[in-house]
Amino acid sequence: MIDGRQRHPAPAAALLFLYARSFVNRARSQAARIRSPRYIVAVVLGVLYLYWALFRNTQANGPSLTQLLRADTTVVLVSTLVLLSSARWWLFGADRSVLAFTPSEVQFLFPAPISRRGLVHTKLLRMQLAIFVNTIVFSVIFRGNAGELATWERALGWWLLFSTLSMHRVGASIVRASAVEHGRAGWRRVLVPGIIFAGLVGAVVFGIVTAIPDLRDAGDGGITVVMRTLTDALQSPIPAAALFPVRLLIDPIVRAGTPAWSVALLWGTLIALGHYLWLVRLDSAFEEAALEATQHRAARLERFRASQMGQARSRKGTLVAVPSLALHGRPEVAIAWKNVAAALRGGAWKTQLITFVVGLTALALITRQASPRAGDAFMGVAIGWGAMLLFIGPLWMRFDLRLDLPRLAVLKTYPLDGWRIVAAEIAAVTVLHSITIWALLLVPVVMFLQDPGLLVQSGATVPMLVSVMVGVPAFNALMFTIQNGTALLFPAWVRLGTESRGFETMGQNLLTTAATTLVAAVALVFPVGAGALVLWLANDWGGWSVLAATTLAATIIAVELWPVLRWLGTVFEQTDVNEVAAAP
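Residues numbered from 1 in each chain as written. Predicted model: local features only at pLDDT ≥ 70, side-chain atom pairs only at ≥ 80, totals over all residues. Heavy atoms only, no water.

**Side note on the overall build of the protein chain**
For the protein chain, the count of helices and strands is 25 helices and 0 strands. Across the 584 residues that make up the protein chain, the buried fraction comes to 42%. Looking at the protein chain alone, contacts between residues at least 24 apart form 80% of all its contacts between residues at least 6 apart. Just so you have it, the protein chain exposes about 31100 Å², and 69% of that area is on carbon and sulfur atoms. (Helix = DSSP H or I, 4+ residues; strand = E, 2+ residues; numbered from the N terminus. Buried < 20%, exposed > 50% of the residue type's maximum accessible area, 1.4 Å probe, protein only. Contact = heavy atoms within 4.5 Å. Areas by Shrake-Rupley, 256 points an atom, 1.4 Å probe, with all protein chains shown as cover.)

This is the structure:
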């Protein structure tokens, strides 16, 4: 007989039990991998990197970063970035994954006797973990002295900023998701905030456009004068009024340690409280939007793991278009096509490339028109960015064996030699990443079209640009061959598939980057030496000899990679499926 006085567990207690057990189970799974040398080394490297990134600068010269944070230029630029981010959520849509719950939360919380408002509070509670981590990180970076009261005041300001932005993002996602669900009536709810944020962004753009003549004149004085002029433009009445609400939210961080901090904290708290009250009033639409976001994330993750890479669908429900493949042809092309299709669908490579191209073109036009020195600085940034992408690109462009090795049993059923499969896997990512880096050439091309005389003044020549087109694919092929070879030879030391292994991933990426760079440096000794010899003999460092030297170096790299690919094919054929499956 059930005692009538028996009390049911409170939802808060059940929720606490769920999170506590999830934390314990995750900790156990992490501890179980301590037996893996790869895990230990990666964790140590990750800890050392975090120590260097977070603590070393504060020990060496901590107050300088705090002073930089309080500078007018920093405050104005940060306020502008925060406003643009918030406007993007309303004008272009926020990522609805912010509304998603984990499968266990959906199973235990949604059928439970918890109100929709309780689900909203659950989401806010889960978000506090990431907010807390970010607060600690930024407080350490800009701490100055942990024993000072200003440090704790600044930390509270960071918490208010991150919490408010998180609530604003969730609210924007709920409203837009509800608009999609309710059609025309729902979109009316988005119209008002969309118009408001469009007006705020327009006010900021107006302030910058009206200051273009001053920015052009300031370009002769260097980057410091340009930033000061830009700050003055954004502090003019119209853009300053648009940035005023954001400034109120940032003031508790900037005014820490001053008598004005209490007033700034009051305003920041009122803004955060207003966001909270607005968010809990959206509880009627939260449950449906959260369920849809959860299902979307789960389906995408499942397709991603199945190597369909999250086949993104258009609003009409059709799959995102990918290049057509002929019914007849070489099978290696089909394997490469599969990886290209994966990047276009689930990897969002096409969208990122279009954004990349449009953004670079616009910045090249704006900076060159603003001032020649600003244009030259941006060109230098683009060149440095391209050089960086050559080395770090293979870490995130993973549509190759590192993604497909967990399905080695399927790959072995292909009626192809092992080296052909390996070569096809490498070829796809080589082409994709080469196109990404080639896009950076838009910067000098756009600037040269604006000012043809710049081509002569910069010392750049057409052969140099063509040499970049020739040399980039050869270098990418070398880097991706090393990455895929490492995955074949040492599967236990490389992150395979799409799963992130947790904290040690940072250290693992550092280890992989260091090893790849070292091997690439050795492999490039002879190609670079042969190319330099051609330039020295021709005594022409800017003409067509540069293209001849680059072509020779690329040919030597191809000759080096040929026996390596044949050998990796043999390794692929001899690799046992259980060896990859047993890799932690």
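**Topic: the side chain of Thr481**
Tracing the sequence through the fold places Thr481 in helix α21 (residues 462-489). Judged by its relative accessible area of 5%, Thr481 falls in the buried class. Those residues in contact with Thr481 that lie beyond four places of it in its chain are Ile426, Leu561, Val564, Leu565 and Leu568.

**Overview of the nonpolar core**
Within soluble globular proteins, side chains that are nonpolar tend to cluster in buried spots. Core analysis: the largest hydrophobic core is formed by 58 residues, its most contacted members being Val422, Val443, Leu478, Leu488 and Phe572. Leu488 has contacts with Leu401, Leu405, Val422, Leu568, Val571, Phe572 and Thr575, leaving out every residue within four places of it along the chain. The next biggest cluster of nonpolar side chains, apart from the first, holds 44 residues, and it includes Ala87, Leu124, Val201 and Trp261. (Core = buried A, V, L, I, M, F, W, Y, C linked by side-chain atoms within 4.5 Å.)

**Re the packing of aromatic side chains**
Throughout the structure, instances matching the rule amount to 3 aromatic pairs. Relative to Phe475, the ring of Phe391 lies with its centre 5.5 Å away and its plane at 70 degrees, an arrangement referred to as edge-to-face. With Phe391 in helix α15 (residues 372-396) and Phe475 in helix α21, the pair connects residues that are 84 residues apart, well separated along the chain. For Phe391, a relative accessible area of 34% corresponds to the partly exposed category. Ring plane angle 75 degrees and centroid distance 5.1 Å describe the contact between Trp419 and Trp562, whose orientation is recorded as edge-to-face. On the criterion of sequence distance, the pair formed by Trp419 in helix α18 (residues 418-438) and Trp562 in helix α24 (residues 544-574) is long-range, its members being 143 residues apart. For the cation-ring pair, Lys412 lies above Phe572, with the distance from its terminal atom to the ring centre recorded as 5.4 Å. (Phe/Tyr/Trp six-rings, centres within 6.5 Å; stacked < 30°, edge-to-face > 60°. Lys NZ or Arg CZ within 6 Å of the ring centre and 35° of its normal.)

**Structural notes on the packing of α18 against α24**
Pairs of packed helices are described in terms of their axes, by the angle between the two and the distance that separates them. One way to put it is that α18 packs onto α24 with a least axis distance of 7 Å and a crossing angle of 115 degrees. Classified by the angle between their axes, α18 and α24 sit roughly perpendicular to one another. Seen along the crossing, α18 lies across α24 with a hand that is right-handed. Between α18 and α24, the residues in contact are Gly418, Trp419, Ile421, Val422, Ala423 and Ile426 and Trp562, Leu565, Arg566, Leu568, Gly569, Phe572 and Glu573, respectively. Here the contact of α18 with α24 is built from residues that sort into 9 nonpolar, 2 polar and 2 charged. (Axes fitted to C-alpha atoms, helices over the stretch in contact; angles between N-to-C directions. Parallel < 35°, antiparallel > 145°, perpendicular 65-115°, else oblique. Left-handed = near helix turned anticlockwise from the far one by under 90°. Nonpolar A, V, L, I, M, F, W, Y, C, P; charged D, E, K, R; others polar.)

**Points about the environment of Thr570**
Checked against the element boundaries, Thr570 lands in helix α24. Residues Thr570 and Gly418 lie 152 residues apart in sequence; the distance between their C-alpha atoms is 6.2 Å.

**A look at the side chain of His168**
In this structure, His168 sits in helix α6 (residues 149-182). By relative accessible area, which is 11% here, His168 ends up buried. Other than its neighbours up to four places away in sequence, His168 contacts Ser86, Trp89, Trp90, Phe197, His275 and Trp278.

**Brief notes about the pattern of salt bridges**
Within the structure shown, the criterion is met by 8 salt bridges. A salt bridge links Arg228 to Asp232; the nearest nitrogen and oxygen atoms lie 3.1 Å apart. Taken together, the residues Arg228 and Asp232, both in helix α9 (residues 223-234) and 4 residues apart, mark about one turn of the helix. For Arg228, a relative accessible area of 34% corresponds to the partly exposed category. Classification of Asp232 by relative accessible area gives partly exposed; the value is 42%. Each of Arg330, Glu332, Asp417 and Arg420 takes part in a single network of salt bridges with overlapping partners. (Salt bridge = Lys/Arg side-chain N within 4 Å of Asp/Glu carboxyl O.)

**Some details on helix α10 (residues 237-254)**
Given a rise of 1.5 Å per residue, 18 residues ought to cover 26 Å, yet the end C-alpha atoms of α10 are separated by just 21 Å, more than 12% below that figure. Phe244 marks where α10 bends most, by close to 50 degrees; the proline Pro245 follows one to four residues later. Inspection of α10 places Pro239, Ala242, Leu243, Val246, Leu248, Leu249, Ile250, Asp251, Pro252, Ile253 and Val254 among the buried residues, and these make up the whole buried set. (Expected span 1.5 Å × (residues − 1). Bend = angle between axes of the 7 residues up to and from the residue.)

**Things to note about the packing of helix α23 (residues 525-538) against α24**
For the pair α23 and α24, interaxial distance at closest approach is 8 Å and the crossing angle is 155 degrees. Considered as vectors, α23 and α24 are oriented roughly antiparallel to each other. You can see that α23 and α24 cross each other, and the crossing is right-handed. Facing Phe526, Pro527, Ala530, Gly531, Val534, Leu535 and Ala538 of α23, the residues of α24 in contact are Ser545, Val546, Ala549, Leu552, Ala553, Ile556, Ile557 and Glu560. Of the residues in the contact of α23 with α24, the class split is 12 nonpolar, 2 polar and 1 charged.

**Brief notes about a nonpolar patch on the surface**
On the surface, Trp385, Met388, Phe391, Ile392 and Trp396 cluster together into a nonpolar patch covering about 440 Å² of accessible area. Topologically, Trp396 is positioned in helix α15. Given a relative accessible area of 38%, Trp396 falls into the partly exposed group. (Patch = residues over 30% accessible without salt bridge, like charges linked within 9 Å, V, L, I, M, F, W, Y side chains within 5 Å.)

**Some thoughts on the confidence of the model for the protein chain**
Of all residues in the protein chain, 67% attain a pLDDT of 70 or more, and the chain-wide mean is 75. Here residues 303-318 scores under 50 on pLDDT; set against residues more than four positions off or in separate chains, the count is 34 contacts. (pLDDT = per-residue confidence, 0-100.)

**With respect to the environment of Thr231**
Within the secondary structure layout, Thr231 lies in helix α9. Accessibility expressed as a relative area gives 1% for Thr231, which makes it buried. It is 10.0 Å that separates the C-alpha atoms of Thr231 and Gly207, two residues lying 24 residues apart in sequence. With residues up to four places along the chain from it excluded, the contact list for Thr231 reads Asp72, Thr73 and Val76.

**What to know about the environment of Ala264**
Its place among the elements puts Ala264 in helix α11 (residues 261-280). Counting along the chain gives 17 residues from Ala264 to Arg247, while the straight-line C-alpha distance between them is 9.6 Å. Aside from chain neighbours lying at most four places away, what touches Ala264 is Leu248, Asp251, Pro252 and Arg255.

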